[in-house]
Amino acid sequence: MKKISIIAFLVSITALTSCGHDVDKPADEVEKATTAATTTTEATTETTAVTTTEKKTENTTSVETTSAESEDYTGIAGYWFINGDPRTASLHITEDGKFTAYYASGLLENKGYVKRELKTDINNYIYQMYLDTGKEYLAFADDGEKEKTDIYMLDDNTTHFVKLYGEGGLGDDGRGPEEAYEGKWQCERARLSIEYRGEGIFHAIITWSGSASSYAEWDYPLIFDTDRLICDGNGTKTFVEYKDASSEPTRTVEYSDGSAEFTLEGNAIHWNDKTEHSGDTMIFKRNEYDE
């Protein structure tokens, strides 16, 4: 009978960092923290044929996974930012245990799901984040708190995430959508200004300079619908040009029946210009000088 040789390498977590961690890493040291997933277990197995009279053995692991259907992820659901800074990389965790990770630029980095697992080698539960492919991503300790407001990742940097607002629209913690969208945003030479006018009504203006003496302007009346701002057929695009420094600019209306949508993803606003698709690759970040 041939022998079965099993070689296993187990990487243990050296410390579980509590919510009382007293030193936060600078954002510039951990901006790309979400790109490094912590691999906790790798195993290679060499097997040979087993006769029908022999009993097959099962390998034991250091993780016991609870049923996803039985878990409640409400306590960790929400929008998380490194050190609580909305200009850094972020995570969005939903109540059904799905997550989306964003770079500091607002671009999508990764997405997947969360499982609450018992790490038998340390006899404690953790929240392990997996990519949709099943590969391990980030993990953080379950410290028993029902409603979490900050978490420390079990990585080399013990990256600290703070929940700025909860799941449920644009915040079930008293924040209205106007607090998330309202303000001044910028994408290179384009500037976006969003004003809240009450009762779910917003107004947005985008100015995009083409030269020192001209710019395009989009004017959108907007309504808030579920999770986005919508302009349905009454947006105006105007081309503005200065002939000289002493005269008023000429304004040429190019259309007045434009449509657009604005969505907040992570810490950035995406502009969906449904008329000309001018903003397909544009991501607006909050203007840090707009305090």
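See above for the structure.
Residues numbered from 1 in each chain as written. Predicted model: local features only at pLDDT ≥ 70, side-chain atom pairs only at ≥ 80, totals over all residues. Heavy atoms only, no water.

1. What to know about the side chain of E117
Tracing the sequence through the fold places E117 in strand β7 (residues 108–119). In this structure E117 is buried but unpaired, with K115 as the nearest side chain of opposite charge at 5.6 Å. A distance of 2.6 Å separates the side chain of E117 from the side chain of Y130, its partner in a polar contact. (Helix = DSSP H or I, 4+ residues; strand = E, 2+ residues; numbered from the N terminus. Buried < 20%, exposed > 50% of the residue type's maximum accessible area, 1.4 Å probe, protein only. Lys, Arg positive; Asp, Glu negative; His and termini not counted. Salt bridge = Lys/Arg side-chain N within 4 Å of Asp/Glu carboxyl O. Polar contact = N/O pair within 3.5 Å; in protein donor to acceptor, adjacent residues only side chain to side chain.)

2. Quick notes on the sheet that holds strand β17 (residues 250–265)
Pairing within the closed barrel is antiparallel, and its eight strands lie in the order β12-β13-β14-β15-β16-β17-β18-β19. Across the sheet, the mean angle separating the axes of adjacent strands is 30 degrees when strand polarity is ignored. Of the strand pairs in this sheet, β17 and strand β18 (residues 268–273) are connected by six bridges, and their pairing is antiparallel. Residue pairing for β18: E265 is matched across the bridge by A268. (Pairing = 2+ DSSP bridges. Axes fitted to C-alpha atoms, helices over the stretch in contact; angles between N-to-C directions.)

3. Focus on the pairing of strand β5 (residues 90–93)
Every second residue of β5 is oriented toward a common face, with S90 and H92 on one face and L91 and I93 on the other, all of them buried. In terms of strand pairing, strand β4 (residues 78–82) meets β5 through four bridges, oriented antiparallel. Bridging across to β5, F81 finds its partner in S90. Of the strand pairs in this sheet, β5 and strand β6 (residues 98–102) are connected by four bridges, and their pairing is antiparallel. Residue pairing across strands places S90 opposite Y102, the latter belonging to β6. Counting the residues between successive antiparallel strands, the hairpin from β5 to β6 contains four residues, one of them, G97, with a positive phi of roughly 85 degrees.

4. Some thoughts on a negative patch on the surface
Where like charges cluster on the molecular surface, the negative patch consists of D72, E95, D96 and E147. E95 gets classed as partly exposed once you look at its relative accessible area, which sits at 42%. (Patch = residues over 30% accessible without salt bridge, like charges linked within 9 Å, V, L, I, M, F, W, Y side chains within 5 Å. Areas by Shrake-Rupley, 256 points an atom, 1.4 Å probe, with all protein chains shown as cover. Charge placed at Lys NZ, Arg CZ, Asp CG, Glu CD.)

5. Examining the nonpolar core
Core analysis: the biggest nonpolar cluster contains 27 residues, and L192, I194, Y220, F262, I269, W271 and F284 have the highest contact counts within it. Non-local contacts of I269, meaning those with residues more than four positions away in its chain, are made with Y181, W185, L192, I194, F262, T263, L264, M282, I283 and F284. Listed in part, the 19 residues of the second largest apolar core include A89, I93, L131 and F140. (Core = buried A, V, L, I, M, F, W, Y, C linked by side-chain atoms within 4.5 Å. Contact = heavy atoms within 4.5 Å.)

6. Observations regarding the pattern of salt bridges
One pass over the full model with this rule turns up eleven salt bridges. With a closest N to O distance of 2.8 Å, E217 and R251 form a salt bridge. Of this pair, E217 sits in strand β15 (residues 214–225) while R251 sits in strand β17, and the two are 34 residues apart along the sequence. Here E217 falls in the buried class, since its relative accessible area comes to 13%. On the accessibility criterion, R251 (48% relative accessible area) is partly exposed. Among the ionic pairs, E261 bridges to R228, the shortest N-O distance being 3.0 Å. Remark: R228 occurs in strand β16 (residues 228–241) and E261 occurs in strand β17; sequence separation between them is 33 residues. Take E261: its relative accessible area is 13%, and that puts it in the buried class. Sharing partners across several salt bridges, the network here consists of D227, R228, E261 and K274.

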